[in-house]
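Inside the fold
Residues per chain are reported as follows:
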Amino acid sequence: MNRLCVTGLGIILLMVILGLLAPLIAKNPYKTDLKDRLEPPSLKHPFGTDQLGRDLFSRVLWGARTSLFVALTISLISMSLGCIIGAVSGYFGGIIDDIIGRIIDVFLAIPELVFNIALVGIFCAAYGVSTWNVILAVVITNWVSYARITRGIVLSLKEREFVLCAKAIGAGEWYILLRHVIPNSIGPIVVLATLNMGNVIMTIASLGFLGLGIQPPTPEWGQMINAGKDYITTAPWLTFFPGLFIALSVLGFNLLGEGLRDVLERRSFIE
Amino acid sequence: MLEIEDLKVYFRTNAGIVKAVDDVSFEVRKGENFTIIGESGSGKSVLAQAILRLLPKNAEICGRIIFNGKDLLKLSEKEMRRIRGKEIAWIPQSQTSLNPVLNVGFQCAEPLMEHFRMDKKSAFARIIRIFEFLGIGGNRIREYPHQFSGGMRQRVLVAMGISADPKLIIADEPTKGLDASKRSQIVELFRKIGDKTMLIITHDINFAENLADRIAVMYCGKIVEVSPAKEFFREPLHPYSRGLLDSLPSRGLKPIKGFQPSMINPPKGCRFRERCEFAREICKDEPPLISLNGRFVRCWLYDRGNWD
Amino acid sequence: MIEGIGIRKVYKSGIFGGKAVVAVDRVDIRIGECETVALVGESGSGKSTLGRILLMLIKPDEGRVVFDGIDLTKLKGKELRRIRTKMQLIPQNPEEAFDPRWKIYDSIAEPLRIHKLADSRKEEEGVILELIKAVGLKEEHLDRYPHELSGGELQRAVIARALTLNPKFMVCDEPTSMLDISTQASIVRLLMEFQKKLGISYLFITHDLELAKVVADRILVMKNGKIVAEQS
Ligand SMILES: Nc1ncnc2c1ncn2[C@@H]1O[C@H](COP(=O)(O)OP(=O)(O)OP(=O)(O)O)[C@@H](O)[C@H]1O
Ligand SMILES: Nc1ncnc2c1ncn2[C@@H]1O[C@H](COP(=O)(O)OP(=O)(O)OP(=O)(O)O)[C@@H](O)[C@H]1O
Ligand code: SF4
Ligand SMILES: [Mg+2]
Ligand SMILES: [Mg+2]
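Keep in mind that what you see is a predicted model, and the values were worked out from it rather than measured. (Residues numbered from 1 in each chain as written. Chains lettered and ligands numbered in written order. Predicted model: local features only at pLDDT ≥ 70, side-chain atom pairs only at ≥ 80, totals over all residues. Heavy atoms only, no water.)

Remarks on the packing of helix H2 (residues 56-92) of chain A against helix H3 (residues 94-109) of chain A
Residues and elements named next belong to chain A. Here is the rule we go by: Every angle, taken between N-to-C directions, lies between 0 and 180 degrees, and every axis is a line fitted to C-alpha atoms, over only the stretch in contact when it is a helix. A run of H or I in DSSP counts as a helix once it spans at least four residues, and a run of E counts as a strand once it spans at least two, with each numbered from the N terminus. Working rule for angles: under 35 degrees goes down as roughly parallel, over 145 as roughly antiparallel, 65 to 115 as roughly perpendicular, anything else as oblique. Throughout, a crossing is termed right-handed when the near helix is turned clockwise from the far one, and left-handed when it is turned anticlockwise from it by less than a right angle. We call two residues in contact whenever any of their non-hydrogen atoms come within 4.5 Å of each other. Residues were grouped as follows: Ala, Val, Leu, Ile, Met, Phe, Trp, Tyr, Cys and Pro as nonpolar; Asp, Glu, Lys and Arg as charged; and all remaining residues, including Gly, as polar.
Contact pair H2 / H3: the axes reach a minimum separation of 7 Å and the direction vectors enclose 135 degrees. On the basis of the axis angle, H2 is oblique to H3. In terms of crossing hand, the pair formed by H2 and H3 is left-handed. Between H2, through Ile 85, Val 88, Ser 89, Gly 90 and Phe 92, and H3, the contact on the second element is made entirely by Gly 94, Ile 96, Asp 97 and Ile 100. Classifying every residue of the contact of H2 with H3 by side-chain character gives five nonpolar, three polar and one charged.

Here it is in structure tokens:
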């Protein structure tokens, strides 16, 4: 097994386990205790406490739950959406492809984070504050990269002779797309999805930091850093630990993605 | 130059162990053109891939492959990568080794730029020369593999293999899908770089006749005959070799009866036994490798003492 | 049986289609019932393109393809697909002909499954085993992936697949390019046997003139997209 994969997977598993076990090993992340405000890390509070006296360790663990869960939801939705759009566009070509291609170009031209901020703003104004705003906003910008990659893969697969041969035995267009083309493009898409998870976690944290993401009191890393930044000289642990966890999980997904790319690409070479 | 001793390549599959190359030994001398012909599925390509150590994961390999004094099976993957392409070139059988998303010119030029630090311009100039020699217009160099016809892709593979000026060329069916005039161009090209040592695998008997110094015949994982080319085409020794030459279309398209035996449970003794018109009781034992005036043949027919 | 009238195909490439390759240039071709027509000619002269157009796998820019009195260029997807059971392709490059993620068995069974021609798994297996043996492969090959077969074995698997549908017309695009001459001889004989049994017409693309002389009723020579000579 590839070393990058193993390291990345290890980090991600650690995050997932910590997140899953949060209800068991962590205290109540909402319980305030004004007597214990801004305590430095100690045995009782391994990561210290925040400005409201909440246990930071618990909040960071519950934060892992939020970040991973929201990021996964976003990734799954945008992956399905992007892959289908990209595959249809590349496979059927013609006017559909022209239109989708233009849309993709437009999306790629706008800086993603700026677009996200604008979208969240609009959704908040329209529907009020909710986590779904974040999910929806990020999905809207995120499907594009999946669509672009899938379209490219499908375009090159379409020229491969086995697709022509499937046609020759009388297979229909949708059958070929679903049974031959999409399964053969899964590899690179999995790599992309893994690398993309890291980006999505970053985006969620950035939105949180700007106060546009998941709203307090739900624990979320970006939002915790935002709250901690006022105490950065007196209580640096408030920004350090959430930041560390963001960095670690992004690193984990990037390592795993790079590793998978190595494995998948090498294999296709030998075969 | 290249010595192969007791080489075995086995594949693990669900149905059992495929003995694709079973106890093969031979030697390719410096400057020589050594051509392997033989039954489809007899292990020729696997043999070539074993020399380059490019076998899939379900393969097990043992024996010795000595190239210029080094045992290739003992080298690390990194050392092997330096040998591939630079010292030993491989013209693969499968056109799937062309990358569908890179243009053909770049694919051919890349090894030149990588191994010889050539700049892009001179690398491309060299590739264009080879392309034009093989009848592909230099203006098509930036096209992608799917835009080429089958024979054009085959020529791209050849160009890619020989461009890097290697010491040994291993070519797996370099002329498949080409018309007569392109074939003779490939012969000419191989003659031009003629001081090179070559290991060629082919089904094209004319090509073998024109180019080979020595011929080896492979059948069901074993080498059954090794002869100098002239003598081989005048008088093949092994019954399989005779049957093979008799099935040329110009000689009436007469196939050898039956098909190749299973590579998982090959027949005991001589593997050609079930299809051989001379087969006798003794052929149920493994035939020895018999040396006859500088030729080698694995058949009881030539063991005077035991046959008569 | 099948007829191509005034077929022309131009491939454009480069930005704005600046570079054009005329692959097939106003070709007329007729293949009669139970007839074998060999198509020879230098590499890149448009033989495969012409074969694919006759099967309507690529659309010609100009011209018509008429099969059994039906103009295929006018048919819609579904009707065309139904007719596809009667015409088959043995592609030039067998390594690319099978989905790399499918086992050989599934790939050969695919036409039967698409057209629902086998009532049970058992019947399907029967058909496949018989064909596989006819082309000289063994049961052990069926459980493997395409990259685990030799070039010639794959080529025979592709031929077996083309025969599953009992076609009336077949384009054999260098069907024996990866076979040793003895196996080539048996496969060619097999194809001729099927021709007698089922009355198949063949367009037999090859580079081997000797072979063409043995198998074909007529030989067409192609050059730069045009048919330039005919011998019989
Ligand atoms: N990865 C694999 N797993 C299992 N069996 C394999 C694998 N690769 C090859 N084989 C088997 O090993 C045998 C030898 O294959 P090889 O490709 O060397 O044949 P070949 O002599 O090159 O034939 P051809 O002339 O048809 O290309 C074949 O029977 C093939 O089915
Ligand atoms: N998809 C494509 N895009 C662009 N050009 C193509 C495409 N397919 C074929 N061509 C070009 O059309 C011409 C004819 O190709 P075709 O495959 O019909 O040749 P062929 O006669 O079968 O040759 P071979 O004997 O080498 O297989 C070639 O110049 C080829 O490069
Ligand atoms: S050993 Fe016997 S069976 Fe084998 S080739 Fe020689 S004569 Fe035929
Ligand atoms: Mg081979
Ligand atoms: Mg062709």
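What to know about the site of ligand 2
As a reminder, the rule being used: Summary of the distance rule: residues count as near a molecule or strand when at least one heavy atom falls within 4 Å of that molecule or strand. Polar contacts here mean pairs of N or O atoms no more than 3.5 Å apart (in protein, one a potential hydrogen donor and the other a potential acceptor; neighbouring residues in sequence count only if both atoms are side-chain atoms). Throughout, the Shrake-Rupley method with a 1.4 Å probe supplies accessible areas, and for residues the shown protein chains are the sole cover considered.
In the vicinity of ligand 2, 21 residues are found, and the nearest of them are B:Arg140, B:Ser149, C:Ser43, C:Ser48 and C:Thr49. Residue C:Gly46 places a main-chain N or O atom 2.9 Å away from an oxygen atom belonging to ligand 2. One of the side-chain N or O atoms of C:Ser48 is found 2.6 Å from an oxygen atom in ligand 2. Starting from 630 Å² of accessible surface for ligand 2 in isolation, the protein chains cover 91%. When residues of the shell around ligand 2 are traced back to their parent elements, those giving at least two are helix H5 (150-162) of chain B together with strand E2 (19-31) and helix H1 (47-54) of chain C. Residues of the shell around ligand 2, tallied by class, amount to five nonpolar, 13 polar and three charged.

Observations concerning the confidence of the model for chain B
Residue and element names in this part refer to chain B. The criterion, for reference: Confidence of the prediction at every residue is given by pLDDT, a number between 0 and 100.
Averaged over every residue, the pLDDT of chain B is 88; residues scoring 70 or more account for 100%. Here helix H10 (residues 304-307) is the element of chain B with the lowest mean pLDDT, 78, and strand E9 (residues 214-219) is the one with the highest, 94. Here the complex is predicted with pTM 0.85, and the ipTM for its interfaces comes to 0.88.

Looking at the interface of chain B and chain C
Short version of the rule: By buried area we mean the combined loss of accessible area, with a 1.4 Å probe, across both parts when two parts are placed together. A pairing counts as a salt bridge when a side-chain nitrogen of Lys or Arg comes within 4 Å of a carboxyl oxygen of Asp or Glu.
The partner chain C presents 44 residues to the 50 residues of chain B that form the contact. Carbon and sulfur atoms supply 54% of the area that chain B and chain C bury against each other, a total of about 3500 Å² over both sides. Taken together, chain B and chain C are joined by zero salt bridges. Counting the contacts that link chain B with chain C gives 14 residue pairs in polar contact (both at pLDDT 80 or more). Listing elements by their share of the side of chain B that touches chain C, those giving two or more residues are H5, helix H6 (180-192) and helix H9 (239-246) of chain B. Tallying contributions element by element places H5(B) first for the side of chain B that touches chain C, with five residues. A per-class count over the side of chain B that touches chain C returns 16 nonpolar, 22 polar and 12 charged.

Looking at the side chain of B:Thr175
Residue and element names in this part refer to chain B. When you line up the elements, Thr 175 lands in the loop between strand E7 (168-172) and H6. A polar contact is formed between the side chain of Thr 175 and the side chain of Asp 204, at a distance of 3.2 Å. Dropping the residues within four chain positions of it, Thr 175 is found in contact with Gln 154, Arg 183, Ile 186, Thr 202, Asp 204 and Phe 207.

Some details on the coordination of the magnesium ion (ligand 5)
Residues and elements named next belong to chain C. To keep things clear, this is the line we draw: Metal donors: N, O and S atoms at distances within 2.8 Å, or within 3.2 Å for Na, K and Ca, with water omitted from the atom set so that some sites may seem incomplete. Each residue is assigned to one of three classes by its accessible area relative to the maximum for its type, calculated with a 1.4 Å probe on protein chains only: buried under 20%, partly exposed between the two thresholds, exposed over 50%.
Taken together, the protein ligands of the magnesium ion (ligand 5) are Ser 48 (OG) and Gln 92 (OE1), with distances of 1.9 to 2.3 Å. Of this pair, Ser 48 sits in helix H1 while Gln 92 sits in the loop between strand E6 (87-90) and helix H3 (104-114), and the two are 44 residues apart along the sequence. The exposure class of Ser 48 is buried, given its relative accessible area of 17%.

As for the pattern of salt bridges
Throughout the structure, instances matching the rule amount to 41 salt bridges over all chains. Between B:Asp22 and B:Arg271 there is a salt bridge, and its shortest N-O distance comes to 2.8 Å. Linking B:Asp22 in strand E2 (residues 16-28) with B:Arg271 in the loop between H9 and strand E11 (289-292), this pair joins segments that are 249 residues apart in sequence. Here B:Asp22 and B:Arg271 have matching classes, each one buried. With a closest N to O distance of 3.7 Å, B:Lys222 and B:Glu286 form a salt bridge. Of this pair, B:Lys222 sits in strand E10 (residues 222-228) while B:Glu286 sits in the loop between H9 and E11; the two residues are 64 residues apart in sequence, bridging distant segments of the chain. We classify B:Lys222 as buried; its relative accessible area is 10%. Through salt bridges with shared partners, a single network forms among C:Arg8, C:Asp25, C:Arg26, C:Glu62 and C:Lys226.

A word on the side chain of B:Asp22
Residue and element names in this part refer to chain B. Looking at Asp 22, the relative accessible area reads 7%, which means it is buried. A distance of 2.9 Å separates the side chain of Asp 22 from the side chain of Tyr 10, its partner in a polar contact. In this view, Asp 22 contacts Leu 7, Lys 8, Tyr 10, Gly 221, Lys 222 and Arg 271; residues no more than four positions away in its chain are not counted.

Digging into the sheet that holds strand E4 (residues 59-67) of chain B
Hydrogen bonds between backbone atoms are what pair the strands of a sheet, whose relative direction is either parallel or antiparallel. Residues and elements named next belong to chain B. Applied cut-off: Strands qualify as paired when DSSP identifies two bridges or more between them.
Pairing in this open sheet of four strands is antiparallel, and the strands run E2-E1-E4-E5 from one edge to the other. Because the sheet does not close on itself, it has two edges, and the strands there are E2 and strand E5 (70-71). Bridging between E4 and E5 involves two bridges; their strand directions are antiparallel. Residue pairing for E5: Ile 66 is matched across the bridge by Asp 71. Sheet strands in contact with helix H1 (residues 44-51) are strand E1 (2-13), E2 and E4, and its direction is about 110 degrees off that of E1.

Observations regarding the interface of chain C and chain A
Contacts between chain C and chain A engage 24 residues on the former and 18 residues on the latter. Taking both sides of the interface into account, the surface hidden between chain C and chain A amounts to around 2000 Å²; carbon and sulfur atoms contribute 55%. Of all residues in chain C, C:Leu57, C:Glu96 and C:Arg101 bury the most surface against chain A, accounting for 26% of the area lost on that side. The tally of links from chain C across to chain A stands at two salt bridges. A salt bridge links A:Glu161 to C:Arg52; its shortest N-O distance comes to 3.4 Å. At the junction of chain C and chain A, the tally comes to 14 residue pairs in polar contact (both at pLDDT 80 or more).

Things to note about the packing of aromatic side chains
Operational definition: Paired rings are identified among Phe, Tyr and Trp, the last through its six-membered ring, by centres lying within 6.5 Å, and are further divided according to the angle between planes into stacked (under 30 degrees), edge-to-face (over 60) and tilted (the rest). In this scheme, the term charge over a ring applies when either NZ of a lysine or CZ of an arginine sits within 6 Å of the ring centre and within 35 degrees of the ring normal.
For the structure shown, the criterion picks out 16 aromatic pairs over all chains. When the ring of B:Tyr219 is compared with that of B:Tyr240, the centres are 4.8 Å apart and the planes differ by 50 degrees; the resulting orientation is tilted. Placement of B:Tyr219 in strand E9 and of B:Tyr240 in helix H9 is noted, with a sequence separation of 21 residues between them. The two residues B:Tyr219 and B:Tyr240 agree in class, both being buried. Judged by centre distance (5.2 Å) and plane angle (85 degrees), the ring pair of B:Tyr219 and B:Phe272 falls under edge-to-face. One end of the pair, B:Tyr219, is in strand E9; the other, B:Phe272, is in the loop between H9 and E11, and 53 residues separate them in sequence. The buried category is assigned to B:Tyr219, whose relative accessible area is 2%. Linked through ring pairs, A:Phe47, A:Phe57, A:Trp221, A:Phe240, A:Phe241 and A:Phe245 together constitute an aromatic cluster. In this arrangement the basic side chain of A:Lys229 is found over the ring face of A:Phe209, its NZ or CZ atom lying 5.9 Å from the centre. In this structure, B:Arg142 is placed above the aromatic ring of B:Phe124, and the distance from its NZ or CZ to the ring centre is 5.0 Å.

Examining the domain arrangement of chain B
Residues and elements named next belong to chain B. For clarity, the cut-off: A domain assignment, automatic or from a database, supplies the domain bounds used here.
Domain annotation of chain B identifies domain 1 (2-87 + 168-307) and domain 2 (96-165). The distance between the C-alpha centroids of domain 1 and domain 2 comes to 29 Å. In this assembly, 20 residues from domain 1 lie in contact with 11 residues from domain 2. Counting every contact that joins domain 1 to domain 2 gives one salt bridge. Applying the counting criterion to the domain 1 and domain 2 interface returns four residue pairs in polar contact (both at pLDDT 80 or more). When residues in the side of domain 1 that touches domain 2 are grouped by element, the largest group, seven residues, is from H6. Within the side of domain 1 that touches domain 2, the residues separate by chemical class into seven nonpolar, four polar and nine charged.

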